Structure formats: structure tokens, C-alpha cells
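The residues making up each chain are set out below.
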Amino acid sequence: MSLVIGVPRESFPGEKRVATVPEVVEKLIKLGFSVSVESGAGDDANFSDDTYRAAGAQIVQGAASLWPTSDIVFKVRAPSAEEIGLIREGSTLIGFIWPAQNPELMQQLAAKRVTVLALDSLPRTLSRAQKMDALTSTAGVSGYRAVIEAANAFGRFFNGQITAAGKVPPAKVFIAGAGVAGLAAIGTAASLGAIVRANDTRAEVADQVVSLGGEFVKVDYDEEGSGGGGYAKVMSEGFQAAQREMYAQQAKECDIIITTALIPGKPAPKLITAEMVQSMKPGSVIVDMAAEQGGNCELTEPGKVVVKHGVTIVGYTDLPSRLPKQASTLYSTNLLRLTEELCKDVEGKKTTDGTINVNMEDEAIRGLTVIKDGNITWPPPPPKQVPVPAAKPAVAPAPAHGHGPSGKVSSPTRVATMFAFAVLLFGLIGYGAPTAFLGHLTVFVLGCFIGYMVVWNVTPALHTPLMSVTNSISSIIVIGALVQVAPPLVDGITRPELLIKCLAAAAIALTAINMFGGFAVTRRMLDMFRKN
């Protein structure tokens, strides 16, 4: 018998997202499940009950009717005490749980003998787990919305403009933390025309910042900041002191600061002090994306927008809910991908009978599963280490006499034989061929040689297969045209000769445009990806 997936209305104050959207309901039904949705669950995300009915879902009135009849419950926020009382024993709960921060919730759920899959516990370093990574989806929405909130509170354009009323300088935006949310904020702010700067304790994200149009601001202190699972780690006191100096300088220069720094299981680090806020220009804006965990700014008031020292500090804790339709769509897709992984038999084959298999041998599923049949299984064991293959002993290369373009070793005897054959062939052709033919053949051979050298000796980064061919052909055309233009006129010029010389001159001009223009365009394309 197929299982029933229940989608309740979120009870957390201000939460507008819904765990499943109508488009995903259709796909869940194709997997063999029945889907029940609490009436009004998608209203705040602009998904009406009628759209769920049209997708094949059953609309249930009230949480008291939905929870006890659901075998699997899809949630966004962790369940409340009232919802835990309604959950059926032996069922499965999937959503954000945060087991490290909610030990009491874990004990309450274990007492109900349920199986709990916490999306926030997904091993994010697994490449196959990216499609289920709801934290990344949520962070991307939050980063985008943070810039929109900053633009709303800011009193000027983001992009610089020159108008009849005067010149408007571009806004300067500083992003503290270049994780998923930070990168989303960088891309959004840069697309709006702002001058964007960013910093992160992980040096490897510098290239990502630059690729999105930002400038990476480095702390003048050498220390590796990468932590486990793709997160940053707690830095040393020396690094933090140097970081504070850099933040203080950015606070004086920038109009908008967006902070995203979070370390799993710990309060948000304080990056922006009250003194830094006081040093900012009047009308500046701070958007503290870590407000729910205490905030990165000392003056942040979680859930509120306050003005301190002339600076607007946005401390919203519901940024994803401010884009509820988009956030719900992405989140429900992550749940669908997780469900597809659960719908596999012991051999790993996909099933469509509406049942799930919580395979504790699967590293991704094991990391997600924080409670299994009432037994707390969190934290998961450390990830398996991939064995590093032993280095093969170096083999001394055989002595080489020469290398051709293909890299193959060529002996002096072979080269001499090929050269002798070429001379013999050329002599045989020249013995019976007319003088004019030999002249044209010589020009052709020289053109091919020069074209080959033009392609071979140019920086490889400038090559495409098409350019390689066109440059070779262009070199042949140039040589031939020069031969036609170069001979002096002895007894005047006839009309055919004049036509030939004009065509040759035009060929030289057009070929030059093709050759030099191709290199110029390619160089400009490469400059787009080069660091300044």
C-alpha cells in the first residue's frame, strides 16, 4: 500500500513558505505516493488549494486531521510542541531540525518513535547530495533578498548615473562572508551596478568573488579558514584582530554592509562593533543575515529594523519567507530529489510503489537521518576517507633524439630520410614542369609553411579550431597577393594587370582585417576572465 505524504501549514510565526508546491505534487504521485495538503498551506506562497487539487492532492481541513493520517510529513520549520503531539508513531518527518541547537526537540521526537531526516544535516561535501541541499537553496534566496532589502532602505541608486541634475556615484557594498548567501548577494549587488567588495576567511573563494563582479578584500594575516563540510572555522585571535581593522576601514568607506557569517552549532560571530556603526556615513545600511543566531552586528535587534547613529540596521530573520513562492519551489524540489533517493530498493534501483527505504548504508541518507525508529542517530559517523592511490615509481624516460609536434620521438635517420624524399620529389616535379608552375608551387609551399608557423607559435589561449584554419588560409592568401602586387611594371600596365593588382591589394587588406581582428576579439574575450 502506498504511503501518504502530508504537507501541513507552517505554524511558525511569520513563516510563509510551504514544503511542497503543486508542480512537485504531480511528480510525487508518479512515484506512487498519495499527497495530502492542509487547507491554506500554500496561501502565503500564492499556491491556492485549487492548484493542489488540480495536481492530484487531497485537501485536508486542519492539522489535527492531517498529522495522524500522514505516513511521511514534509515540513519547513521544526515542528512545534502541539504538532509533535499530533504526529503518528512510526511515521517519518523531513524538514529543518537543527539537532545541535534543539536537543529537547530531539528527545521529544524520539519519544514518539518516529524517523527524522534533518535537511540541515546533509553532508554537503558529497557531490551527489547537491540536488538535495536545501540549505544552499535557502541561502541563495536569502542572499538575493538581503540586497533587495538593502536597496529598499538605502536612499540612493545602486548604479552610478549622470543626469541633468548632476552626477550620482555608485553605491559601495561590502559583503562579510562569501558563502552561498554571500555569493548570491555579490552577484545581485553587482548586477544592480554597485561597487562590490567582499571578504571571507577561506582564501579559495576569492576567484568566485571576482568572477561575480566583486573585489576580494584580503585580511593582512596569513591563516587558513576552511572548516569541515564546506564551512568556515573559528579563527585565531590574531586573525580576528586583523579582520576587525579591515572591517573598520570598510565601514568608513562603504554605504552598505551585508553580513552572512555563521558557524554551525555556534552563535554568530560579532564582526561589526558599535564603534564601526558610528563611523559609517549617515544613511548607510547594514543587513545582518545572521540575526536569527544573534547577529554579526552588536546593534542588531533580531526581527526588527532599527536606526542607530544614522545607520539603518536590518535584522530580519525571515528573509527566505520574503520570497515565499521562489523559496518554496526550490525547497520542494530538494525534497523531491531526497524522496527519489529514498525510493530505491536494496540494489539501488528506483521504485514507484509509494514506499521509502531509509538506507543507513548510504552516506548521504545516513548523514540526514538524525532519528531512526525512535533511536537518536545524530551525530553521524565521520565521512569515509577516500584512499589515496600510491604513487607509481618514476620511470626514467628513454633517451630521445628529437620530438615532432605530436610529441613522438623521431630519430635523425628518419628525419634525414624524409628530407631526402622531399628533395627527390621536388626535383622530379621540377624536371618536367614549366617554369611558371614551379614559381606558383614555391609560393604555395612557402605560404603553407608560414601559415603553419603563424598558428604554431601563437599563444595557445588565442586559438580556436576555426582560427587555426582561417589563419593558415589567410597566410597563403597574403603570400599570393604580395607576389601579384610586387612585380614592377616594365612596359606600362594593361587593364587585366591593373585588375589583378587591385584584387591582390584588396585581398591583402581583407586578410589583414581577418587575422588581426580575430586576435583582437579573442584577446578581449580573454580579458573578461582575467583578474585586474
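Up top is the structure these notes are about.
Residues numbered from 1 in each chain as written. Predicted model: local features only at pLDDT ≥ 70, side-chain atom pairs only at ≥ 80, totals over all residues. Heavy atoms only, no water.

(A) Representation of unusual backbone geometry in the model. Geometrically, the link from W378 to P379 is a cis peptide bond, its omega value of 0° lying close to zero. The residue P379 is located in the loop between strand 17 (375-376) and helix 13 (412-432) in this model. Phi angles above zero are rare outside glycine, and N46 is one such case at about 65°. With respect to the helices, strands and loops of the structure, N46 is situated in the loop between strand 2 (34-38) and helix 2 (49-55). Positive phi values are uncommon outside glycine, yet R113 reaches one of about 55°. (Helix = DSSP H or I, 4+ residues; strand = E, 2+ residues; numbered from the N terminus.)

(B) Local environment of the pattern of salt bridges. Within this structure, the stated rule accounts for 23 salt bridges. For the salt bridge of D200 with R202, the shortest nitrogen-to-oxygen distance reads 2.9 Å. A salt bridge links E340 to R337, with the nearest nitrogen and oxygen atoms 3.1 Å apart. Linking E340 with R337, this pair stays in helix 11 (residues 324-342), spanning 3 residues, or about one helical turn. R337 gets classed as partly exposed once you look at its relative accessible area, which sits at 26%. (Salt bridge = Lys/Arg side-chain N within 4 Å of Asp/Glu carboxyl O. Buried < 20%, exposed > 50% of the residue type's maximum accessible area, 1.4 Å probe, protein only.)

(C) Expanded view of the packing of helix 6 (residues 134-153) against helix 7 (residues 180-191). At a minimum axis distance of 7 Å, the contact between helix 6 and helix 7 shows a crossing angle of 40°. Taken as axis vectors, helix 6 and helix 7 run oblique relative to one another. By crossing handedness, the relation of helix 6 to helix 7 is classed as right-handed. In this structure, helix 6 contributes T136, A139, G140, G143, Y144 and V147 to the contact, and helix 7 contributes V180, A181, A184, A185, T188 and A189. Each residue belonging to the contact of helix 6 with helix 7 can be placed in one class, and the counts come to 8 nonpolar, 4 polar and no charged. (Axes fitted to C-alpha atoms, helices over the stretch in contact; angles between N-to-C directions. Parallel < 35°, antiparallel > 145°, perpendicular 65-115°, else oblique. Left-handed = near helix turned anticlockwise from the far one by under 90°. Contact = heavy atoms within 4.5 Å. Nonpolar A, V, L, I, M, F, W, Y, C, P; charged D, E, K, R; others polar.)

(D) Broad picture of a nonpolar patch on the surface. Taken together, F421, L425 and I429 make up a surface patch of nonpolar side chains, about 290 Å² in accessible area. Mapped onto the secondary structure, I429 falls in helix 13. (Patch = residues over 30% accessible without salt bridge, like charges linked within 9 Å, V, L, I, M, F, W, Y side chains within 5 Å. Areas by Shrake-Rupley, 256 points an atom, 1.4 Å probe, with all protein chains shown as cover.)

(E) Spotlight on the environment of A150. Mapping A150 onto the fold places it in helix 6. Placed 136 residues apart in sequence, A150 and I286 show a C-alpha to C-alpha distance of 7.3 Å. Non-local contacts of A150, meaning those with residues more than four positions away in its chain, are made with I256, V285 and V287.

(F) Structural view of the side chain of R77. When you line up the elements, R77 lands in the loop between strand 4 (72-74) and helix 4 (81-86). At 2.8 Å, the side chain of R77 forms a polar contact with the side chain of E15. Within the local environment of R77, its side chain forms a polar contact with the side chain of E292, the two groups lying 3.0 Å apart. Once you skip the residues sitting within four places of it in the chain, R77 turns out to touch E10, F12, E15, R17, F96, E292 and T317. (Polar contact = N/O pair within 3.5 Å; in protein donor to acceptor, adjacent residues only side chain to side chain.)

(G) Expanded view of the nonpolar core. Residues V37, Y52, F74, I94, L119, Y331 and L338 are the most contacted members of the largest nonpolar core, which totals 42 residues. Elements supplying a minimum of two residues to this core: strand 1 (4-7), helix 1 (22-30), strand 2, helix 2, strand 4, helix 6, helix 11 and helix 12 (363-368). Element by element, the count of residues in this core is highest for helix 11, at 5 residues. Among residues more than four places away in sequence, those in contact with L338 are I94, L117, L119, M132, I365 and L368. (Core = buried A, V, L, I, M, F, W, Y, C linked by side-chain atoms within 4.5 Å.)

(H) How the structure looks around the packing of aromatic side chains. Applying the stated criterion across every chain, the model contains 5 aromatic pairs. With centroids separated by 6.3 Å and ring planes inclined at 80°, the aromatic side chains of F154 and F158 adopt a geometry described as edge-to-face. In textbook terms, an aromatic cluster arises when at least three aromatic residues are bridged by ring pairs, as seen for F96, W98 and Y331. Looking at R77, its charged tip hangs above the ring of F12, at a distance of 4.1 Å from the centre. (Phe/Tyr/Trp six-rings, centres within 6.5 Å; stacked < 30°, edge-to-face > 60°. Lys NZ or Arg CZ within 6 Å of the ring centre and 35° of its normal.)

(I) Up close: the sheet that holds strand 15 (residues 311-314). Reading across the sheet, the 7 strands line up as 11-10-9-12-13-15-14 and stay open at both edges, with mixed pairing between neighbours. Edge positions in the sheet fall to strand 11 (215-216) and strand 14 (305-308), since each has one partner strand and no second. As defined by bridge partners, strand 9 (residues 172-176) adjoins strand 12 (residues 256-259) across 4 bridges and the pair is classed as parallel. Considered in strand 12, the bridge of I175 is made with I258. (Pairing = 2+ DSSP bridges.)

(J) Region of interest: helix 1. P22, V24, V25 and L28 are the residues of helix 1 that are buried. Seen from one end, helix 1 has its buried residues packed into an arc of 150°, which puts them on one side. For helix 1, the elements touching its buried residues are strand 1, strand 2, helix 2, strand 4 and helix 11. Just downstream of helix 1, G32 is the residue with a positive phi angle, here 105°. (Arc of directions from axis to C-beta.)

(K) Up close: the pairing of strand 2. In terms of burial, strand 2 is a largely internal element, 4 of the 5 residues being buried. In this view, the connection linking strand 1 to its parallel neighbour strand 2 by way of helix 1 has right-handed handedness. Sheet topology places strand 2 next to strand 3 (residues 58-60); 3 bridges connect them, and they run parallel. Its bridge partner lying in strand 3, S36 is registered against Q58. At this point the chain moves from strand 2, through helix 2, to the parallel strand 3, and the crossover so formed is right-handed. (Right-handed = clockwise from strand over helix to strand, strands pointing away.)

(L) Structural detail: the sheet that holds strand 4. Ordered by their spatial adjacency, 8 strands build an open sheet running 3-2-1-4-5-6-16-17, and the pairing between neighbours is mixed. At either end of the open sheet lies a strand with only one pairing partner, and these are strand 3 and strand 17. As judged from the 2 bridges shared by strand 16 (residues 369-372) and strand 17, these two strands associate in the antiparallel manner. Considered in strand 17, the bridge of I371 is made with I376. Seen against the sheet, helix 5 (residues 103-111) touches strand 5 (92-95), strand 6 (115-118), strand 16 and strand 17 and runs at an angle of roughly 35° to strand 16.

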